[in-house]
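# Architecture at a glance
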2 protein chains.
Amino acid sequence: MRSLLLLTAAALLIGAAPVKKLLAPNDIVAQAPASAWKAIPADDLMVIDLKNGGRVVVQLAPGYAPVHVGNIKALARTGYWNGATVYRVQDDYVAQWGLNDSDKPWPAGVVAKPPAEYVRPLKGLKITPLGSPDPYAPAAGFADGWPVAYSAKEGWANLAHCYASVGVGRDLTPDTGTGGELYAVIGHGPRQLDRNITLVGRVVDGIDRLSTLPRGTEALGFYKDKAQYVPIASIRIASDMPAGERPSYEYMDTDSATFAQYLHLRANRHDDFYIRPAGGVDLCNVQVPVRKTP
Amino acid sequence: MRSLLLLTAAALLIGAAPVKKLLAPNDIVAQAPASAWKAIPADDLMVIDLKNGGRVVVQLAPGYAPVHVGNIKALARTGYWNGATVYRVQDDYVAQWGLNDSDKPWPAGVVAKPPAEYVRPLKGLKITPLGSPDPYAPAAGFADGWPVAYSAKEGWANLAHCYASVGVGRDLTPDTGTGGELYAVIGHGPRQLDRNITLVGRVVDGIDRLSTLPRGTEALGFYKDKAQYVPIASIRIASDMPAGERPSYEYMDTDSATFAQYLHLRANRHDDFYIRPAGGVDLCNVQVPVRKTP
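Residues numbered from 1 in each chain as written. Chains lettered and ligands numbered in written order. Predicted model: local features only at pLDDT ≥ 70, side-chain atom pairs only at ≥ 80, totals over all residues. Heavy atoms only, no water.

## A short note on the overall build of chain A
Scanning chain A for helices and strands turns up five helices and 16 strands. Here the C-alpha atoms of chain A give a radius of gyration of 20 Å, agreeing with the 19 Å that 2.2 N^0.38 yields for 294 residues. Across its three principal directions, the C-alpha atoms of chain A cover 70 × 50 × 40 Å. Counting only residues that meet the buried cut, chain A has 58% of its 294 residues in that class. Taking the contacts inside chain A whose residues are at least 6 apart along the sequence as the reference set, 71% of them involve residues at least 24 apart. By element, 55% of the accessible surface of chain A is carried by carbon and sulfur atoms, the whole surface being about 11700 Å². Across chain A, the centroid of the 30 positively charged side chains sits 3 Å from that of the 28 negatively charged ones. (Helix = DSSP H or I, 4+ residues; strand = E, 2+ residues; numbered from the N terminus. Rg over C-alpha atoms; globule rule 2.2 N^0.38 Å. Buried < 20%, exposed > 50% of the residue type's maximum accessible area, 1.4 Å probe, protein only. Contact = heavy atoms within 4.5 Å. Areas by Shrake-Rupley, 256 points an atom, 1.4 Å probe, with all protein chains shown as cover. Lys, Arg positive; Asp, Glu negative; His and termini not counted. Charge placed at Lys NZ, Arg CZ, Asp CG, Glu CD.)

Structure below.
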């Protein structure tokens, strides 16, 4: 057997005496008590159904970008995105969707020039520190399920650009984007975008529907021909869907003892496959567990 | 225009007076003098041609894993990989290829039990420091075109697991893998694998051929049915190909003034799109420039 990372069972059978299995982060997730999970409100779930099949579910973050998230809900509820497509996929960077160069007017309820919601006040957040240095900010950690960077001295916090993060496309400043064009990260977390662009959430299910799309061959990964655009059948907020059809998710409470254990193991892998625990971890390598509501 | 990152031209036209364009990292690459580039030896290029079209080119790193790289060259040269496939694709992690559970004997020239080549001596490397903290090692930087982590005190250096890094699949320790099963990173750099597994190089062209493959639905991203395996037509070392057919690449000399400028801008984006330069950067967000030999 020459496959990578096929382990667990074998380790339990070494020697005659029972061997204590060292826990991996996934074991912590599997054993987490119900109290370690928090429901994502249906009003914060954006459900994107692709025309050729496949669903992408985004958890919105109104605590960080209330105006942009408000816009996104208004755009979804007014059918603004009828005819939307994924029109840009840049390898190791982002997949982007919306109406692209449309001049369709903003519907009622959309703030056409939102403020820059690049940071929010640190006050009001209960932060679990990462415990490792962060190159992009004075400190990093987790707050109510989100990976954040922050400055205690200056009193701000920002959502971090990690794999599957969702942000708002914009032009040059002072434009902050409206929310009509959104992107999801499909590569190494481009943290240099932190505090330079508005993040509004993260993909919690179906990121592979975006990450497997063909890369665009034009500059910045735009598709060359409109025929390559990937059509989107609908973009809805889960709370607007019939109760029986709504998807439902929960995330691990980053203020729980369970998450503290998970974070510790992410920074100190000592399960069977590992030889040298790193003793540290970067923010985007601590993926906050999310699952379908059991 | 509501697209993300469509800029440059507009910025040059603001106001009546000519505006000095602030450089982006890509400008440094575009303007780099010939002296800033170093050729990759044809003997260090592994050329993987997929049966359904598409080529993946890997730069091997004999300076870090000489025995494993020697094995890989022997495997390529003896036709060991006839019938090889990509059989595992795990989202935000790795794509893996080889013969999977084959019991084909190792050909002559292959060391069946290589040593653990997880680190190499720091001595002999000329390092350009990253200049930002690294959570996974005492320090990080670049040596002869490679992203590395290192300990000056303990005298070791290791290749870092970044997007497109290529490593050797293995079973539980003390197995270090032979080189018959290889993986490429297709997600956020899984740096926790540093010093726990042998890295042998990086994909320098065609990573999107792997990153766009459908994700496997079995545990760890293995494909459920062999019918899903992605067949590989051939795996060759470029120096074995007819001279006229050989692909040829060069990488930016990480010891050059040009790279120093590129690195500085990667950590301090101040071009038109950016508002707040981070003042720091993580190792895997400084992609060492590689290009086809002009």
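## Remarks on the side chain of Asp194 of chain B
Note that Asp194 of chain B resides in the loop between β12 (182-185) and β13 (199-205). In this structure, Asp194 of chain B is in contact with Asn158, Leu159, Ala160 and His161 of chain B, ignoring residues within four places of it in sequence.

## Comments concerning the pattern of salt bridges
Scanning the entire structure with this criterion turns up 30 salt bridges over all chains. The closest approach of N and O atoms between Arg77 of chain A and Asp43 of chain A, which form a salt bridge, is 2.6 Å. With Arg77 of chain A in helix α3 (residues 66-77) and Asp43 of chain A in the loop between β1 (37-39) and β2 (45-50), this residue pair connects regions lying 34 residues apart in the sequence. Salt-bridge contacts for Arg77 of chain B lead to Asp240 of chain B; the nearest nitrogen and oxygen are separated by 2.7 Å. Placement of the pair is Arg77 of chain B in helix α3 (residues 66-77) and Asp240 of chain B in the loop between β14 (230-237) and β15 (249-252), with a sequence separation of 163 residues. When its relative accessible area of 42% is taken as the criterion, Arg77 of chain B is described as partly exposed. (Salt bridge = Lys/Arg side-chain N within 4 Å of Asp/Glu carboxyl O.)

## Side note on the pairing of strand β4 (residues 85-89) of chain B
Residues and elements named next belong to chain B. β4 sits mainly inside the fold: five of its five residues count as buried. Sheet topology places β4 next to strand β5 (residues 94-98); four bridges connect them, and they run antiparallel. Counterpart to Val86 in the pairing with β5 is Trp97. Connecting the antiparallel pair β4 and β5 is a turn made up of four residues, with Asp92 showing a positive phi of about 55°. Bridge count between β4 and β14: two bridges; the pairing is antiparallel. Within β14, the residue paired with Val86 across the bridge is Val230. (Pairing = 2+ DSSP bridges.)

## Digging into the packing of aromatic side chains
The full count for this structure, using the stated rule, is 14 aromatic pairs over all chains. Considering the side-chain rings of Tyr80 of chain B and Trp81 of chain B, the 6.4 Å spacing of their centres and the 70° angle between planes classify their relative orientation as edge-to-face. Neither Tyr80 of chain B nor Trp81 of chain B differs from the other in exposure class; each is buried. Pairing Tyr87 of chain B with Tyr229 of chain B gives two aromatic rings, centres 6.2 Å apart and planes at 50°, and the pair type is tilted. One end of the pair, Tyr87 of chain B, is in strand β4; the other, Tyr229 of chain B, is in the loop between α4 (207-211) and β14, with 142 residues separating them in the sequence. Of the residues examined, Tyr87 of chain B reaches a relative accessible area of 0% and is grouped as buried. You can call Tyr229 of chain B buried: its relative accessible area is 18%. Its end group placed over the ring of Tyr80 of chain A, Lys104 of chain A keeps NZ or CZ at 5.3 Å from the ring centre. The ring of Phe273 of chain A carries the charged tip of Arg170 of chain B above its face, separated from the ring centre by 3.7 Å. (Phe/Tyr/Trp six-rings, centres within 6.5 Å; stacked < 30°, edge-to-face > 60°. Lys NZ or Arg CZ within 6 Å of the ring centre and 35° of its normal.)

## A word on the relation of the copies chain B and chain A
Turning chain B through 180° and shifting it by 0.0 Å along the axis lays it on chain A, with an RMSD of 0.0 Å. Between the two chains, the operation in question is that of a two-fold axis. Looking at chain B, 100% of its interface residues are interface residues in chain A too, so the copies touch through the same face. (Least-squares fit on C-alpha atoms with pLDDT ≥ 70 in both.)

## Considerations on the interface of chain B and chain A
With 68 residues of chain B at the contact, the number on the chain A side is 69 residues. Between chain B and chain A lies a buried interface of about 6100 Å² when both sides are counted; carbon and sulfur atoms form 53% of it. Counting every contact that joins chain B to chain A gives zero salt bridges. Elements supplying a minimum of two residues to the side of chain B that touches chain A: α1 (9-12) and α4 of chain B. (Buried area = accessible area lost by both parts, 1.4 Å probe.)

## What about the sheet that holds strand β13 (residues 199-205) of chain A?
The strands making up a sheet associate through hydrogen bonds between their backbones, and the pairing can be parallel or antiparallel. All names here are of chain A. With antiparallel pairing, eight strands are arranged side by side around a closed barrel as β2-β3-β13-β11-β12-β5-β4-β14. Within the sheet, the average angular offset between the axes of one strand and its neighbour, ignoring direction, is 35°. In this structure, strand β3 (residues 55-60) lies alongside β13, joined through four bridges in antiparallel fashion. Looking at β13, one finds that Val58 is bridged to Val203. Taken strand by strand, α3 contacts β2, β3, β11 (165-168), β12 (182-185), β13 and β14 (230-237), and its axis lies near 110° from that of β14. (Axes fitted to C-alpha atoms, helices over the stretch in contact; angles between N-to-C directions.)

## Let's talk about the pairing of β14 of chain A
In regular strands, side chains alternate between the two faces of the sheet. Here five bridges tie β2 of chain A to β14 of chain A, and the two strands are oriented antiparallel to one another. Residue pairing in the sheet places Ile48 of chain A in a bridge with Ile235 of chain A of β14 of chain A.

## As for the state of the cysteines
All names here are of chain A. For the structure on display, the rule yields two disulfides over all chains. The disulfide partner of Cys162 is Cys284, and the S-S distance across this bridge is 2.1 Å. Its S-S torsion of approximately -75° makes the covalent link between Cys162 and Cys284 left-handed. Of the two residues, Cys162 sits in the loop between β10 (156-159) and β11 while Cys284 sits in the loop between α5 (257-267) and β16 (290-292), which places them 122 residues apart along the sequence. Residue Cys162 is classed as buried on the basis of its relative accessible area of 6%. A relative accessible area of 4% places Cys284 in the buried class. (Disulfide = S-S within 2.5 Å.)

## Side note on the environment of Val203 of chain B
Looking at the secondary structure, you find Val203 of chain B in strand β13. Separated by 157 residues in sequence, Val203 of chain B and Met46 of chain B have C-alpha atoms that sit 9.1 Å apart.

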